[in-house]
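# Observations on the three-dimensional arrangement
Listed below, chain by chain, are the residues.
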Amino acid sequence: MADDVRLRFPPSPTGYLHIGGARTALLNWLYARKHGGKLILRIEDTDAERSTEESIQGIIDGMEWLGIDWDEGPYFQTEFATDHKKAAATLLASGHAYKCFCTKEDLDAKREAAMAAKTQVGYDKTCRYLSAEEMQSKEEAGLPFVVRMKVPSGDGFVSYDDKVLGTMTRNYSDIEDFVIVRSNGSPLYLLCNVVDDIRDRISHVVRGQDHLTNTHRQILVYQALGAKIPVFAHMPLTLDTKKKKISKRSHGEIVAVQWYQKNGFLPWALCNFLVLLGWSSGDDKEIFSQEELIEAFTLERINKSNSIFNYRKDDPKFITDPKLLNTNAHYLRSMDLAELAELLKPIFKDAGLWQDSFESEQKEWFHTTLAMTRERFYTLNDFPTEARGWFSDDFSMDDKALKKNLLKHEGLKQWLPELGLQLEALEDFTADTCKEVVKDFCSAKDIKMGVPMNGARAVLLGQIKGPSMFDIFAHLGKDTVVRRLKDAGKWFKT
Ligand code: GLU
């Protein structure tokens, strides 16, 4: 029943929303939405030293921007400390856990000895086998202790059916009696996370393979608490081209969702890309609407092997993974123009290019400009930079345009202003009438049309490529075209 499908996204708020975290949230969200279930946002803020308000806000803002909505929460793990402590007491009382009084020094010495003897390194269970009297006397002496899970002994094993990886088995003998409560009394992730999942009636745990080492241990906690074990699905990790984990330290800001928001990415384009970093539909389809993805998504089609985030820091052409740029470009170039205009409004305002008339008498002109220019753009931020010349005389000239289109032909210094004068005389300024003027001008000068047209592209927009020049003339309008052509000489001054 849909009501039973309950997933969670439990980030630790110790930084920003990492794109890997966003992918985890997304896959959980897709499954919940597909099955009419619930997604719970639960902030695992028990690490008081590393958790910050700013980070919590960053996670919430990032999810909202991406359009990943949740049905319950945000809950905060710290609010449930009583539940965690109660569970630890229950485990102690039922004999599934025990107090361990070994000091750090004891443990270090034992570890070193085990390493030297090349025997299994792990807790040797000294305190598990303390007699009742020994235990009592340590308790009475008020010695500090941690609480450890009593992993069943013998030849048995823990096994579960991972929806992605298949049957996952681990022998009891390979699991040490792990700590669930620190000596200062604070319960650890392995316990808290399970207690919260039980309380929140989580049916499916979809998380990264970096948690594989926790799962068998957590299943032991579920079993000891007599709770139903959820379905587990572990997603591949996202690595860089050198097979290293992507992190802020080595890759910089591009690992944070916020960077994409600031740098002109469309939230759904990022979602579409992130989902395909860990899942595939089975065919070559790469562009999915939200509805299509919800419909197509299954846990079984999550990839087993790690995915590569193709980021080349050394190549400035790739500000991020080229596939993500292409996905963004796809959405940017095909989206509704009114919607695009709306998204660009704050960006244009920031760049000092916004005019209120873009929403009234110049609305059609503005939309057409976006349609004419977006064919070459990858992000929203390309508009105020690369298309600046459409909106302001104060644009910068592309270096190649300057050298190849202008400076290479010294004659243009005179020809372009002359052409400007001839176009000024046109009563009816259209693409066709401009073309006639340019044609006549070129035959009179005995030059190829390409020469003044490429030059005009440079002085009109500062660009080397773009829409047809006559469409540019007509769309920029007579005043701007004539003014910039007449002023072409300024680009020849060094
Ligand atoms: N707070 C953990 C993390 O961010 C959650 C792990 C889990 O999903 O169980 O990695």
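For the structure, see preceding data.
The structure contained in this document is the topic of the report that follows. (Residues numbered from 1 in each chain as written. Predicted model: local features only at pLDDT ≥ 70, side-chain atom pairs only at ≥ 80, totals over all residues. Heavy atoms only, no water.)

### Notes on the packing of helix α1 (residues 19-34) against helix α10 (residues 267-276)
Close contact between α1 and α10 brings their axes to 9 Å; oriented N to C, the two are set at 85°. Classified by the angle between their axes, α1 and α10 sit roughly perpendicular to one another. Judged by residue contacts, Ile19, Ala22, Arg23, Leu26, Leu27, Trp29 and Leu30 of α1 engage Trp268, Cys271, Leu274 and Val275 from α10. (Axes fitted to C-alpha atoms, helices over the stretch in contact; angles between N-to-C directions. Helix = DSSP H or I, 4+ residues; strand = E, 2+ residues; numbered from the N terminus. Parallel < 35°, antiparallel > 145°, perpendicular 65-115°, else oblique. Contact = heavy atoms within 4.5 Å.)

### Some points on the site of the ligand
Neighbouring the ligand are Arg8, Pro10, Pro11, Ser12, Glu44, Tyr189, Asn193, Arg207 and His211. Pro10 is positioned such that a nitrogen or oxygen atom in its backbone is 2.8 Å from a nitrogen atom of the ligand. The side chain of Ser12 places a nitrogen or oxygen atom 2.8 Å from a nitrogen atom of the ligand. When isolated, the ligand has an accessible area of 300 Å², and the protein chains bury 80% of it. Of the residues assigned to the shell around the ligand, the class counts are three nonpolar, three polar and three charged. (Near = heavy atom within 4 Å. Polar contact = N/O pair within 3.5 Å; in protein donor to acceptor, adjacent residues only side chain to side chain. Areas by Shrake-Rupley, 256 points an atom, 1.4 Å probe, with all protein chains shown as cover. Nonpolar A, V, L, I, M, F, W, Y, C, P; charged D, E, K, R; others polar.)

### A closer look at unusual backbone geometry
Residue Pro74 is bonded to the preceding Gly73 through a cis peptide linkage, with omega at 5°. With respect to the helices and strands, the residue Pro74 is situated in strand β3 (residues 72-76). Positive phi, close to 55°, is recorded for Lys118, a residue that is not glycine. You can see Lys118 is positioned in the loop between α4 (104-116) and α5 (132-140). The backbone of Asp446 shows a phi angle near 60°, a positive value even though the residue is not glycine. Within the secondary structure layout, Asp446 lies in the loop between α18 (431-445) and α19 (450-461).

### A word on the pattern of salt bridges
Following the criterion strictly, the structure yields 27 salt bridges and no others. Two residues, Asp200 and Arg42, come together in a salt bridge whose shortest N-O distance is 3.1 Å. A residue pair is termed long-range when its members are at least 10 positions apart, and Asp200 in the loop between α6 (189-199) and β9 (204-208) and Arg42 in strand β2 (residues 38-43) qualify at 158 residues. Of the residues examined, Arg42 reaches a relative accessible area of 0% and is grouped as buried. Residue Asp108 pairs with Lys104 through a salt bridge whose shortest N-O separation is 2.9 Å. Residue Asp108 and its partner Lys104 are both found in helix α4; the two are separated by four residues, about one turn of the helix. (Salt bridge = Lys/Arg side-chain N within 4 Å of Asp/Glu carboxyl O. Buried < 20%, exposed > 50% of the residue type's maximum accessible area, 1.4 Å probe, protein only.)

### Points about α18
Across its 15 residues, α18 extends 21 Å between first and last C-alpha, which sits within 8% of the 21 Å expected from 1.5 Å per residue. For α18, the full list of buried residues reads Ala431, Cys434, Val437, Val438, Phe441 and Cys442. Taken down its axis, α18 places every buried residue within 130° of arc, on the same side. Seen from the open side of α18, the exposed residues pointing more than 90 degrees away from its buried face are Asp432, Asp440, Ser443 and Ala444. Buried residues along α18 sit against α17 (412-424), α19 and α20 (469-476). (Expected span 1.5 Å × (residues − 1). Arc of directions from axis to C-beta.)

### As for the state of the cysteines
One pass over the structure, following the stated rule, counts zero disulfides. In this model Cys102 remains outside any disulfide bridge; the closest cysteine sulfur is found in Cys127, 3.7 Å from its own. (Disulfide = S-S within 2.5 Å.)

### Things to note about the nonpolar core
If you look at the biggest cluster of nonpolar residues, it comprises 113 residues, and the most contacted ones within it are Tyr260, Leu406, Leu423, Leu460 and Phe473. In terms of residue count, α1 provides more of this core than any other element does, nine residues in total. If sequence neighbours within four positions are ignored, Leu406 has contacts with Met397, Ala401, Leu412, Leu416, Gly455, Ala458, Val459, Trp491 and Phe492. Residues Leu191, Val195, Ile219 and Val221 belong to the second largest nonpolar core, which totals 28 residues. (Core = buried A, V, L, I, M, F, W, Y, C linked by side-chain atoms within 4.5 Å.)

### Comments concerning the packing of aromatic side chains
Working definition: an aromatic ring pair is given by the centre-to-centre distance plus the angle between the planes. Considering all chains together, one arrives at 21 aromatic pairs under this definition. Ring plane angle 65° and centroid distance 5.9 Å describe the contact between Phe366 and Phe391, whose orientation is recorded as edge-to-face. Placement of the pair is Phe366 in helix α14 (residues 363-373) and Phe391 in the loop between α15 (382-386) and α16 (399-407), with a sequence separation of 25 residues. Summarising the burial analysis for this pair, Phe366 and Phe391 share the class buried. Taken together, the ring pairs in this structure connect Phe348, Trp354, Phe358, Trp365, Phe366 and Phe391 into an aromatic cluster. Lying over the aromatic face of Tyr16, Lys248 brings its terminal NZ or CZ to 3.9 Å of the ring centre. Its end group placed over the ring of Tyr378, Arg333 keeps NZ or CZ at 5.0 Å from the ring centre. (Phe/Tyr/Trp six-rings, centres within 6.5 Å; stacked < 30°, edge-to-face > 60°. Lys NZ or Arg CZ within 6 Å of the ring centre and 35° of its normal.)

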